[in-house]
Structures are given as C-alpha cells and as structure tokens.
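Secondary and tertiary structure notes
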Amino acid sequence: MTMKLKHKHSRKAGLPPGTLVHIGEKKSETVTISVYEYGEGQFQERTVSKPDEIAMTGEPTVRWVDVGGIHKMEVLESFGKMFSLHPLLLEDIANTDQRPKLDDYGSYGYVVLKMLYEGDREGDINVEQVSLVFGENFLLSFQENGGDVFQGVKERLRNGKGRLRHAGADYLLYALMDSIVDRYFVILETLGERIEALQDLCVRSPGPETLRDIHGLKRQLLFLRRSVWPLRDVMNNLSRSDGQFLQGSTKVFFRDVYDHIIQIGDTIETLREMVSSMMEVYLSSVSYRLNGVMKVLTIITTIFMPLSFIASIYGMNFEHMPELKSPWGYPAVLGVMAATGLAMLYFFKQKKWL
Amino acid sequence: MTMKLKHKHSRKAGLPPGTLVHIGEKKSETVTISVYEYGEGQFQERTVSKPDEIAMTGEPTVRWVDVGGIHKMEVLESFGKMFSLHPLLLEDIANTDQRPKLDDYGSYGYVVLKMLYEGDREGDINVEQVSLVFGENFLLSFQENGGDVFQGVKERLRNGKGRLRHAGADYLLYALMDSIVDRYFVILETLGERIEALQDLCVRSPGPETLRDIHGLKRQLLFLRRSVWPLRDVMNNLSRSDGQFLQGSTKVFFRDVYDHIIQIGDTIETLREMVSSMMEVYLSSVSYRLNGVMKVLTIITTIFMPLSFIASIYGMNFEHMPELKSPWGYPAVLGVMAATGLAMLYFFKQKKWL
Amino acid sequence: MTMKLKHKHSRKAGLPPGTLVHIGEKKSETVTISVYEYGEGQFQERTVSKPDEIAMTGEPTVRWVDVGGIHKMEVLESFGKMFSLHPLLLEDIANTDQRPKLDDYGSYGYVVLKMLYEGDREGDINVEQVSLVFGENFLLSFQENGGDVFQGVKERLRNGKGRLRHAGADYLLYALMDSIVDRYFVILETLGERIEALQDLCVRSPGPETLRDIHGLKRQLLFLRRSVWPLRDVMNNLSRSDGQFLQGSTKVFFRDVYDHIIQIGDTIETLREMVSSMMEVYLSSVSYRLNGVMKVLTIITTIFMPLSFIASIYGMNFEHMPELKSPWGYPAVLGVMAATGLAMLYFFKQKKWL
Amino acid sequence: MTMKLKHKHSRKAGLPPGTLVHIGEKKSETVTISVYEYGEGQFQERTVSKPDEIAMTGEPTVRWVDVGGIHKMEVLESFGKMFSLHPLLLEDIANTDQRPKLDDYGSYGYVVLKMLYEGDREGDINVEQVSLVFGENFLLSFQENGGDVFQGVKERLRNGKGRLRHAGADYLLYALMDSIVDRYFVILETLGERIEALQDLCVRSPGPETLRDIHGLKRQLLFLRRSVWPLRDVMNNLSRSDGQFLQGSTKVFFRDVYDHIIQIGDTIETLREMVSSMMEVYLSSVSYRLNGVMKVLTIITTIFMPLSFIASIYGMNFEHMPELKSPWGYPAVLGVMAATGLAMLYFFKQKKWL
Amino acid sequence: MTMKLKHKHSRKAGLPPGTLVHIGEKKSETVTISVYEYGEGQFQERTVSKPDEIAMTGEPTVRWVDVGGIHKMEVLESFGKMFSLHPLLLEDIANTDQRPKLDDYGSYGYVVLKMLYEGDREGDINVEQVSLVFGENFLLSFQENGGDVFQGVKERLRNGKGRLRHAGADYLLYALMDSIVDRYFVILETLGERIEALQDLCVRSPGPETLRDIHGLKRQLLFLRRSVWPLRDVMNNLSRSDGQFLQGSTKVFFRDVYDHIIQIGDTIETLREMVSSMMEVYLSSVSYRLNGVMKVLTIITTIFMPLSFIASIYGMNFEHMPELKSPWGYPAVLGVMAATGLAMLYFFKQKKWL
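Residues numbered from 1 in each chain as written. Chains lettered and ligands numbered in written order. Predicted model: local features only at pLDDT ≥ 70, side-chain atom pairs only at ≥ 80, totals over all residues. Heavy atoms only, no water.

Inclusion rule: UniProt positions are given in the numbering used here, feature names are shortened, and annotations may be inferred rather than shown by experiment.
Identification of chain A as Magnesium transport protein CorA from Nitrospira defluvii is taken from an unreviewed UniProt entry. You can read under Function (unreviewed entry) in the UniProt record for chain A the words "Mediates influx of magnesium ions." UniProt lists a comment for chain A under the heading Sequence similarities (unreviewed entry), and it reads "Belongs to the CorA metal ion transporter (MIT) (TC 1.A.35) family."

Here is the structure:
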C-alpha cells in the first residue's frame, strides 16, 4: 500500500461484527506458511501449504509460524480454530488499516505494527501491516505478503548465533519488533536527505512543484508519526507488564526498543519543524523574487518616464519655441537626458536597488 | 439537522429545570415505536402506536424498544413513567444539541451519540441524535426520525444469525453503537475524496469559491471532531466499567469500538492537517499567479519603454538634427530598436522570467 | 461593566489584606436586600433596607438573602458579622474582578461566577459578578446591581411549582447557577449570528472596519472563555464533593450544569476557530482584490504600450520614411494596431485574465 | 536589572559548587540590615551594619531581618553561619538569575520571587530578586538593593494595626509576598494601557517602529510570564503543605495569593493574545495601504494610457490623414478623450476603486 | 560532530541486538584511560593504556576511570567483562546518537548526556556524548575524545579542596554532571548575543542570507532543546530516587542541577520565541521595503503620465489648432505642466507617501 488515505471500512459497514473481510489491497496471490521450531539444542524449519499441516508434534521450546498473505479468509479461520483465537483478533489481522496496538487476550497477546520500506518510485514509502500473536511457547506472525523483513532473524535462528535460540518466545517477539523498528531509522535517514535537498531547491529555484513536494513530505511525516508513535505505548507496556509470557530479563530489551521509538519520535518532530521552516523559506523566497521583479520595473519606469517626457516636450508643434531654432538645442537636450538618467542610476545605487 | 451551529437553548432559558421542551428541528410528523423481544429460542417483533401498548408480558431475555421521533413530549413522559427515568434524562433525550456522553443512573445507563449520514445536496453531512437507555434486560433507543441505521441489526435479529440473539442487552447496545460508528468511516471516506478533489483545484484554478469550500470543509471537520471525539471516553468507560449490566465477555467488543474511535480521531486530525495545508497551497498559488502577472507587466514595460523613448527622440522638432536628414537614419533607428528588444528578451530568458 | 480589561487592584496595592475596598464600577446607588424564607408548607418574601432587619425568626427550611449592590462596605461588613464570614471572602465579594471559583470555608461554601447579558449598544456584552455563599440552611447571593436574572427562580418559589420549595439550599444553589448558565447560551447564539453576518461581509466588501470587528469578536470570545471555563472545575467539584450541605440527589443536577458548561466551552472553541478562519478569509479576500487590480493594470499596459510604440515610430521626423508617403500607410497602420490589440485580448482570454 | 537576557552563569563555570560569586549587576554600594523584633505586646526596630550585631537577645515571637544588597559575599556568609544555612541556598541568594521557587530545607524554607516595578524610561520594567528564608520564629529577606516594596508592611508593624503583630512568621511571609504580588497588578495595568495605545497606532499610522514596539511588548510579556507563572506552584505548595511553620489559619491567605497569581496569569495570556492580534492588524494595515497605492497607480495608468495613445495617433506624420485637415478634427479628438476619461472614472466608481 | 541530523542506525539494521558497532564519527585515534583513586586521606592518579591494567588493588573509597575515545570496540568489551556491564549498555555507550537518559541496572546506574562546546567556525556548536556508569564505589566516564570538560573536577580532586574528596561516587557523579550543565549557560549566552545581532540586521538590511541564518538558529535551538530537555527527568529521578548508591545529602545537589536545567529550558523557550518573532520582523521588513518601492513607482508614474499626455496633445498634427499659433502657447503649457506636477507633489505629501 503506498501512502494514501484509504478507509475501506465502508465495505464492511452493515455486516455483523466478527465477519472476516480482508480490508486492504491484495498484495500476493498465494499464502506462504513457514514453521520454525527450536529449543536449546534443536532447530527445524518447514514450509507448509495449509495451516492444518502444522502438526503439533514434538516438544520444541518455541514454535514460530510466519504467515505471508492475509487475504485468504479460510486460512485465517483455520489459524483461529487451531490456536483458539478471538474472532475480533482475526478481524484485526485481516484489516490492514489498524493503528499500532497491544491487546491482552489472557492466554495470548496481540501486537500490530507497521513495517515501512522504500517503494520503487523515488520518494515513495510503502507500508505493510505486521500482526504478531504470542503465547506461552509459540508466536504467529502475519505479514501482508511474505517480505524479507524477518530474514535477519531467520538467519540468526539457523546459525544458532546470539541469544535467540536459547531464549523463549518473548525474546523472539523482541527480535522481530526490533528488526522492524531498525528499518524506521533507514526511512528517516532517506527523508532527512530529501528534506535537505529540497531546502536547497527552495532557495535556488522555488516553483509550484517545490510546494507540492513540501506538502508531500509533510503528509509522509504525518503518516509516519501516526504509524510510529502509538508503538511507544506498546513498548512501554511490554517493558513494564508482568504478563505470564514475558520474563524479567527480556524487559530490558523492550525498554531498549522503547528508547529507540522515543528517539524516532524526536527525529520525526525535528523533521516536521524543518519542513515547516522550509514552507516559510519557500514563501519568503517567492516574495523576495517578486521584490526583485518590482525593483526592475520601478527602475525602468523611473529612468525612462522623465526622459520620454522631455522628448515629448520638444515634440510639441508650437510655432514659437525658441529652443527648437538653436543649433545647440538638440545636443543640449540629449545632454540633459543623459545627466538625468545618470543621476537616477546614482540614486538607485544609493538606495541599494541595483 | 444540517451542519449549522444552532443553540436553541435560549428557548428554554427561564423555565424550571426538567421542563420538557423539544430542542431541535422537528423531523418527522409521527412517532413510530417498534418493540423487539427475543431470547435464546424466541423472537417477536411488534409495532405499537402508544408507549402504553408495550404490554410487559412474557419473559423475554431482552426487550428492545426503538422509538423514531422525539418531538412529542407526552410520548417521552409516558416512557419516563413506564421505565421510571430521571427527568433530566428525558430532557437530554428531547434536546438534540447534546454532546456524546455516558451517564450512569444507577439502575440504568444512558448513552447519547450522533448518527451521521450524507445529505441530499453534495457535500452536506446530516446529523441525527441517538439516545440509548439500557438496563438489566431492556434497551430503549430514541432517534430523531425513524431512519434505517439500525436495519442491519434488526435483520440479524430476525435471521437469528450471529451472536446477537444469544447475548444480553449489553451486546445489543454494542451492536447498535457499532453500526453507528461504522457509518463514520463512510463519511470520512467521502470527505477524503472531496479534499483530494479540492487539492487539485487549488493548484489548477484557485478562486474565491475554492476558499469558501476549504473553509466549509474545515468547519465540517471541526464539527465531526466534536461529534466523534467525546465518544472515546464513552467507549473507554464502557470497556472498563464494572457496571451490573455489562458482562466481561462484552467488554472486549466495546474495546474494539474504542479502537475504531481512536482510528477515526486520527483520520480526522490527518484530514484537518491536509485542509490546513490546502489553505497554504491556495494562498501560495494565488501569490504565484500574482507573480506571473507581475512578470508579464515588467517584461512589456521593460521592452517597450526604451523603444518608445528612442522613437520620441526622433519625434522632436529641433531644426538641427543631422540624423533626420540621412537616408539611413530611419532603417538605422529601426535596427537599433530591434537589437535593443532582442537583447532584453535574451536578458529575461537568462533571468528565467520567460 | 462593559468588556474592558480593567485591573483596579492597583487601588488596593499597599493596604493590609482584608481591607474592604469596592473594586469595580459602582452600578447602582442603593442597596436592595430581599429575603425569601421557605419550607415544605411555607413561603415568605420580604424586602429590608439594612442587614440587621433580617430578623432570624421562625424556623424556615431555607433562608435566601438576595443582595443587589455591593459597593457599600458597611453593608458587606454587617453581613460578615451576622453570618461570621471570613474577611477574605468579603474582600472577594467586593472585588468584581474575580475569576469563577469555589472556595470551601468549612461551615459554608463560596461560589463566584459571571452573569452575562447583552448591552444597550449592538454587539456589547455586559458582565456582572454574582457571589453565592451557601450553608446548612441559608444562601446569600450578591449581585452588582439587583438585576432580573433570578426572576425566574423567584417566580417558581412564589408559585410553589416544581421541586424548588421542597428541596434544600443546595437545590436553590443549583437553580440560581442554572439560570445564569442558561443565559450563556443566549449570548453564544447572538455571537454566532454576528459571526455569520461578518463572514458574508468578509467575502463581499472587506475593509479596515471589518478587521476591527473581527478582532473585537476575538477579544469577546477570549473574555467569554475566561469567564466560563473555570466554572467547569466549580461544577465538577460540586457534582463530586461530599460536603455536608450537598445531598446526593442534588449532585445529578450539578452534573447536568457541568455538561452544559462543557458544551458551552466546545461552542466557544468552535466560534474561535471560525473567527480565526474569518481572518484568513479577510486577508485572502483583500489579496484577491489586489490581484484583480493588478490584472487590470497589466492588461491596460500590455495593450496600449505596443500600440503607442507603433504610433510613436510614425511620429518620427525622418525625411526618408517611404511609408509616410503612401496613401495606404495610415489605414494600414491603424489595421496593424487593431490586429495587435485583438490578438492580445485573445491571449488574455486564454490566460483567463479577463 | 532592566529586562535583558543575561546569563552570567558563565562567570561561574568551572568553579566548585557552593562557591559564592555574586551573579547580577551590583545595584547599591552599601549593605543595609534592618532588624524587626515583635510579639503580642512588643515591637522593636533596629538598623545594624554587620550581621554579627543582630544580638540574639530577648524572646520576641518573631524576628525579621531585612537585608538590602546581596553583593558582599562576606555578609551572606555571616548569615549562613549564624542561621546555619545550606551553601547552595546562599549561592541561590547571590545569583539573581533564579526562577521563582520554594525549597524545603527541613528546619527552614526558602522562597525566591521577582519584584517588578516601572523603570525611569517609559515602558521599562525593572526586576529585582527577593529571597525569603523563613523558620520557626524568624524570617530573613534579601533584596538586591533596599527598596521600598516592604514599606507598607513595616508601617503596619509599627502601627500595630491589623493581624500582623499577633501572628507568626508564616503570616509575615504571606504579608511580604502579598505586597510583591499586588505590584504585579500595577505593572499589568500599565502594560494594558500601552497595548491599547499601540493598537490605535497600528490602524492609524503603522511604521517600522510600531513593529519594534509590538515585539518589545511581546518580549516583556514573555518575561513577565516567566517571572510570575512559577509562583503558582510556590503558592499552591504553601497553601497545601503541612510544614511545621505554617499554621492552618494562614493557609487560607496563601490560597488567596494563589488565586491572584492565577488571575495575573490569565491576564498575561489575554494580553499576549492581544499583542498577537495586533501583529495581524499591523500586517493587514500595511497590506491595505499597499492596496491603496496600487489602486491609485492603476487608475492613473488606466486613464492616461488610452488618452496618450489617441494623441500619439494624430502625432503620426502620414501625408494622407484626412482627419488632420478637418477644422473639427482637433475639438472632436479632445471630445473623444474627455468622453473616454469620464467613462473610465465611472467604471472605477462602479468597481469601488475610488 | 557538528550539528547535523545523522541517523547512522542504518549501519546496524539487520545485525543481532547487542552487537557492538561504533555509531558516530571517529574523533580521536587513540583511546586514553585515566584512573583516579581517592578517599578521605588518599589520592592517586594513573594513566593506563589497556583496561586490564586497572589493577583492582588497594581499597580506595572511590575509583573513577575516565575513558576518552569509544571507537575501539575491544576496549569497551574489556570494560564490559571487568565491571560485568549489560551488553545493551555497551551498545548505548558506543552509539553516540543517544538522547539523555538514566537507566537503572540494579547493581549500577547509567547516565547518558550531551556535552556542548563552541566549534571552530563562528556559530558552530559541537556536541559530544558523555556516558557515566556509577556503582557502589566506582564511576566510569566515557567521552568521545578525551576533552577538557572534566579538568576543573580533576583539579579539585588533586588539590583536595572542597567536598569532593570526602564524599562518595554519587557526589563525583554530581560534580561531573554539574560541570557539563554549567557549559550550557555559556552556549546559551553566545546564542543570545547572535540573536540580538541578527535582530538588528533584520531591520536594517534583510536579505536571503539573513533568512538562512534565522533558520540556522532555529534548528540549533531545536537541537539544543532535544539535548537538554530529557535531562530534566534524569535529574528529577536522581534527586528523588532511593537507590542504594545515592546518599540523602547528595540529593539536594542533584535538585540544584535540576533547577538549572529548568532555567536552561526556560531560556531556550524564550530564545525560540525571539527567533520566531525575528522571522516576523524579517518578513514585515521585506514587505515594508516592497511598499516603499511601490510608492516610488506610483509617484513617478502619477507625476509624469499627465504631463506627457499634455505634451502629446500639442504634438498632434492637426492643421487647425489655434493654441499652436499663439506666442504664449508654449510658456502657458509649460506653466500648466509645472502647476500640475506641484499639485501632485502636494497631494502626495498629504497622503504621507513622500
């Protein structure tokens, strides 16, 4: 989904609550389901085509099911039955218009957040909704289409490096959220560079398309803030809650992500103020140019009007104009004109209009 | 009521509190009263013409009385007696100028909220006040005129599909509020489309009526925020309260509506910022056009003033002007004029004024 | 007091605290004191000329003393002695520059609020301070001059209709405050109408006096907000407090007034935003007119400058100008001029400048 | 200190904390120390030249030491030893750049606040820091130079009128703070008058110095807010605290000063909004004048350009121009010119440009 | 690091959390490690080249290790092992993009803050991150390069003056933070002077580079606020916490630094409002100049257009123009022109356009 304001809820208006309708653009045709089962000394990776094939065999410490594609309602419903999820939760997964939040359903928790990545066209920021359902020893992740945002985490699981394989589902939850939040810094960096480029343009050659770009940036930042800021509460709750699945030692990691979110929020505010300033610079620059145009107009008018007036006096057809008869009349008038013109130029230099 | 600011309280100033005066425009002539009685295995639907005819017979799990038209004071007073409602509550039902709120009257609760739908003229948003009184096993709903906002809920009751018939009055309360809130998304979608259309207009051909439209939108969004935002507290209280009529399993549904309200509030803020930006674009667009006009003016003046001055020199009537006698004078002067004009055009190209 | 910012505290600077100085404009010459004593089956109304004449005889359920005129310090001091009021409270009554507040003095409470009514000149809003001291079974009300704001309440007391005579001093407190708050709706309605009238004027014929009117409205709304908004806390405290004089059944009435205050505050904010928008419309309207003037200027200049230039060419006095000899020269030049002019008019039509 | 932003902390950067350096302008050469000892039946007033001379003899109920001049570090250190004050407190007294605050040091309290008075030049507001240290039965007051702000309190002490001599050090604290806060009203009144005078000027004859005055006022109000607003918390804490030196009966007086601070804060906000409006009026007034100038320019151009064009046509030297031969040609052309000019004037009247 | 917005997190995106990557510009080549061990009667100062050489011998009351240079990851890891620090803490030290914060890790605390100092070019403000880890009897300080900000503290330690050597690690923590915060006042003073210089420039000769400077200042103030404001919470927590390393007597010192932070925040807000006002002055000044230019244009046009028109009338070639024959025609016309010109000059004087 590129950054447009779409409210597809209207498609749902009138249906009973809990009715599963995929709200959002269909992004991939197929649904991919990957299962990762791991514990202290074990690791297994499978790809299945239907939820039913996730045979609940073995006794892994953690089972992570990563689902790409949420438009097939029957798949969601299968998951709902298998993990006994609340109908409203399934509805939230299918509706990609959610704002980031954390819901506590007693025996499992639910986190929605937004994954951001740069689009194909320059300046585009694409957004994808990621839903995470986490419980005692399992974690379900739902992406709109199976992107590569979790590649790093999967790689670490395969290699068995770091803390990941030795820790529980709560640490996996942290690792996934951290990898999404780290992406935000990349997006902000890109935006910062575009803002600096635009600032130069504003001073050098402001035009209507500059204005359009400024407002585009403004809107993107507004959108970003909406996507990121609610995460603050989510991370704050995760780093403080005494839920049954969250171990004390993991909380310090959630607090670290919380700090990142605060930092991202600060940067977004700074960028927003920079964009507002840019608007001022733009308007001031346009107005400065108008001033320049006016000065040229004034100078031309001021220099040539008196000169033309002098010429028009001697263009009058009176019979008794003694100057016209004099042989020095013509050069004298030309001299007066030159003197007048030079005096005015000097005057403008004084006024700093040239 | 179309979106105007009307304060009809003045009609009441001076009367003792609790005096029933219908504040608001009378919308329908007749009062329609529909009664729905249902339980696990039963469902009955009746239409009565007077409150007295709601015979309190049978033992339904839930009794829902849907009233269309609140201008007949004697009808409201009959309800007041029958269900022993507080006089201030009746006054609130009759006054359609309420802001959304939840009042707890001990043995029953009272919710006011605003129903929004598009009006006949394009761009109009009509608003209607809906009052909901809910108790142990009954729910009274009062609409200004018996619209079709609750048709979906009634249909579900008749079909017996979904959870509705098996749940209590609190779930019915949720279903009714949810159907009203779902409408808000439709309204926001329409507004979003109008804003995008107006944004194009702002850049292409801004005029005074564009400005009027922008301010109309601004006002509508302001009005919307006032109608929607207080609902946040209402839903929050409903999803947290430990009232006697609200079952724990229903609270999660109210929380879902709460999330919707937050989302709607976010969207309204976004639209408001977009409208503010649009104002800036409008002003900047007007100013850019002024700039363009000024440039044309300057170019014309700058090109023709010196040329006219040259012509006026040779229009002087001095006797001793040797150039006038020369056969090459005329073409030479024309050549000088052409050269001057072309030099200026080149200068403007350089300055990017053309 | 018409709406001016007057700080007459300076008259007091340096005096010991508790010194009674009437701060405010003297409004009426005489002080009127009306006493209303009533209970379940009784009602008595008297007018006395001195506080001492309020003989504390009989055993009424409630004794209400309504005082009009607060500029006679000896009268206030008599009341202070008779009801053993705190010196600071008397000082607050005499100082009409108070902001609305509720003070709890243990054995009695003190409420200050502002009564608003339209002045004689159109657009004027007058403000009068009302002080209410309420205890176990008495209520003292102090107005700046004995206006008719409490006429409705007095009438209801005389008629014995409604709940008033059967209830305690706390209900009387509610009735008085409610009658004052109801007036605010009337004021807001008037302001709303003036704003709509001014909005039309802004678009049709903006002038400097329009600007002055806008700023007048802005200031009045600012003043209104200051007068009304602190009442929110007052009503909130009254509807929640567990003071000894406030019965549980009266609290629901204070909550109703609280809702009204919130609604009034909302409306004031809406009106303020409308006035801000109006400022924008005004500026934009002025700027649009400037644009219109510029276009006319440009068109005239652009059409006549080239034409005059052509004419001035053939006004030159060169001896060898073959065109001048030709019999078709004159009509040909006129034709060229007409063609040039028409071409330009067509160009402007294209540019939508006409 | 006149109202400039001075940060003299830099003089201290690098020194160990608690090093006494007088930060602020030296205002008086000498240090004056006045001692007031009083109780129920007694009052004694002395002036000493060194802190050591405050012999702790007798048993007064309250001992107040008023110190004028804080630049002599050895004097402050003597006080520090005599009353065993914390080094940081002495540092705060010597540093006149403090913001108002209340510090609780266990066996004594410390209040800093700002005394404001009008300066010699019109529009100047001078500020002086006042430090108050109060304990069981003593109060130390430190002013930058021994001004007359406490004259009223001293007079009341001498006369023995009012509550002052019968009450403790906490009431003296109240009396001193009240006399300082009362001065704020005088300053606000002056500012209000200057704002109204400037508003007139803005409409009548706006110039660059008007703008400078507006920004001067803006800055003064900003400064005032910073000086006054933190006092709110100070007074709030004093009126609520259960410190050992504050008696319950004095708290109601602190609450009264608290109300005054709130009122002053309200007025400052109102004045700030008025100054912001003034800025708008200024800009609009300048822009309105630009409009007026443009109209004159347009009218002159529009009237004379066509007339000059007509004249230039008949200034052409074609041989075959039949009009030139006609005896009625000249008056006819003059007539056409007059008609054209009048038609245009009529057109401008229609457009309301004249 | 000069004041640019750099988000180097992207370098880290994808790596497992806790991976040490130095984020920030490398500032010094070598890492300097100084060890200070002191107690009541002892003081020892050493410089080591590797963390391992900090032999944990002797029993000093306090051991302070000051590290300059944080880009060598192996050094940080050595410290991590020696003092058993959490991996996330090491990551925070290495990442110089932190916002000020206080983290409690149980057996030790962690404070990050920003050191500010003026750069080489005028107007530059450099920022350096300082990390402080403090425990029972040790304190580790990490600077980006071993600057001289702590010279004053080190000198006091060597001299044994003041409280420093007799107090614990918590007082050392205070002393270091106080020396950093004192620097902020110097920076603010410099900024204040630059703002005042720019304000003059805005009125005297506003140009595009003035605008750039204003926005530069705006951004620096924004940056400063971000660097300073979060310290408020840090100091507030330190002055209130009941951690095991903080003694009650030290808290009053942290409260003093807290007051300084509040004061700095106030000053930043004041400077920000001054910069905003400056923007208004700039725009108004530019607009005022445009007005001046327009007036000159109008006056020239208004004076010479009618005069040229008169001249062009008598330049017409009609045969029957009696004025042309008259000997007084020429001087009469010149007289009329002079009279017209003077009348207009008088008119402009009236209108105050000259």
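Let's talk about the environment of Tyr314(E)
Threshold: Working definition: helices are DSSP H or I runs of at least four residues, strands are E runs of at least two. Numbering for both runs from the N terminus. In this analysis, two residues are considered to be in contact whenever any of their non-hydrogen atoms come within 4.5 Å of each other.
Here Tyr314(E) shows up in the loop between helix H6 (248-313) and helix H7 (322-325). Every residue in contact with Tyr314(E), bar those within four places of it in the chain, is listed here: Met316(A), Asn317(A), Phe318(A), Tyr330(D), Met321(E), Glu323(E), Leu324(E) and Val333(E).

Brief notes about the UniProt feature "transmembrane region" (unreviewed entry) in chain A
Residues and elements named next belong to chain A. The feature "transmembrane region" (unreviewed entry), as annotated in UniProt, sits at residues 296-316 and 328-348 in this numbering. What you have in residues 296-316 is 86% helix and 0% strand, and the ends, taken at the C-alpha atoms, are 30 Å apart. The distance from the first to the last C-alpha atom of residues 328-348 is 30 Å, and the span holds 95% helix and 0% strand.

As for the sheet that holds strand S5 (residues 109-118) of chain B
All names here are of chain B. Put simply, the rule is: When DSSP locates at least two bridges between a pair of strands, those strands are taken to pair. Axis definition: a line fitted to C-alpha atoms, over the contacting stretch in the case of helices. Angles run 0 to 180 degrees between N-to-C directions.
An order of S2-S1-S3-S7-S6-S5-S4 is seen for the 7 strands of this open sheet, with the pairing classed as mixed. The two strands at the open ends of the sheet, each matched to only one other strand, are strand S2 (43-48) and strand S4 (101-104). The sheet shows a mean angle of 15° between the axes of neighbouring strands, taken without regard to direction. When strand S3 (residues 62-68) meets strand S7 (residues 138-143), the two strands line up parallel, connected through 6 bridges. In the strand pairing of S7, Trp64 is matched with Leu139. Of the strands in this sheet, strand S1 (32-38), S3, S5, strand S6 (125-134) and S7 are in contact with helix H4 (residues 169-204), which crosses S5 at around 30°. Seen against the sheet, helix H6 (residues 230-240) touches S4, S5 and S6 and runs at an angle of roughly 40° to S4.

Side note on the relation of the copies chain C and chain B
Cut-off, in case you're wondering: Here the copies are matched by least squares. The fit uses the C-alpha atoms of residues with pLDDT of at least 70 in both.
Aligned on chain B, chain C shows an RMSD of 0.1 Å; the corresponding rotation is 72° and the shift along the axis is 0.1 Å. Such a combination of rotation and displacement between the chain copies is what one expects of a five-fold axis. Across chain C, the smallest distance between a C-alpha and the rotation axis is recorded for Gly315(C), namely 4.8 Å. Looking at chain C, a mere 16% of its interface residues are interface residues in chain B too, so the copies touch through different faces.

What to know about the sheet that holds strand S5 (residues 109-118) of chain C
Residue and element names in this part refer to chain C. The mixed open sheet is built from 7 strands, whose spatial order is S2-S1-S3-S7-S6-S5-S4. Only two strands of the sheet have a single neighbouring strand rather than two, namely strand S2 (43-48) and strand S4 (101-104). Ignoring strand direction, the axes of neighbouring strands in this sheet form an average angle of 15°.

So, the nonpolar core
In summary, soluble globular proteins display a tendency toward joint burial of nonpolar side chains. What counts is decided by this rule: Buried residues of nine kinds, namely Ala, Val, Leu, Ile, Met, Phe, Trp, Tyr and Cys, make up a nonpolar core once their side-chain atoms join them within 4.5 Å. To sort residues, take the accessible area from a 1.4 Å probe on protein chains only and compare it with the maximum for the residue type: under 20% means buried, over 50% means exposed, and anything in between is partly exposed.
Of all hydrophobic cores here, the largest spans 466 residues; its most connected members are Met177(A), Met177(B), Met177(C), Met177(D) and Met177(E). What Met177(A) contacts, discounting residues up to four positions off in sequence, is Val111(A), Leu113(A), Leu132(A), Leu231(A), Val234(A), Met235(A), Leu238(A) and Phe254(A). Residues Met321(A), Phe348(A), Phe304(D) and Ile313(E) belong to the second largest nonpolar core, which totals 101 residues.

Digging into the pattern of salt bridges
How we decide: By definition here, a salt bridge exists when the distance from a side-chain nitrogen of Lys or Arg to a carboxyl oxygen of Asp or Glu is within 4 Å.
This structure, assessed with the given rule, holds 81 salt bridges over all chains. Linked by salt bridges that have partners in common, Asp92(A), Lys101(A), Asp103(A), Arg255(B) and Asp259(B) make up one network.

So, the packing of helix H4 (residues 169-204) of chain C against helix H5 (residues 208-228) of chain C
Residues and elements named next belong to chain C. Our working rule: When an angle is under 35 degrees it counts as roughly parallel; over 145 it counts as roughly antiparallel; between 65 and 115 it counts as roughly perpendicular; any other value is oblique. Each crossing is labelled by how the near helix is turned from the far one, with a counterclockwise turn of less than a right angle marking it left-handed and a clockwise turn marking it right-handed. Charged residues are taken to be Asp, Glu, Lys and Arg, nonpolar residues to be Ala, Val, Leu, Ile, Met, Phe, Trp, Tyr, Cys and Pro, and polar residues to be all remaining types, Gly included.
For the pair H4 and H5, the least separation of the axes is 11 Å and the interaxial angle reads 160°. Overall, the two elements H4 and H5 adopt an arrangement that is roughly antiparallel. Crossing of H4 against H5: the hand is left-handed. On the side of H4, the interface is formed by Tyr184, Ile187, Leu188, Leu191, Arg194, Ile195, Leu198, Leu201 and Cys202, while H5 contributes Thr210, Asp213, Ile214, Leu217, Gln220, Leu221, Leu224 and Val228. A per-class count over the contact of H4 with H5 returns 13 nonpolar, 2 polar and 2 charged.

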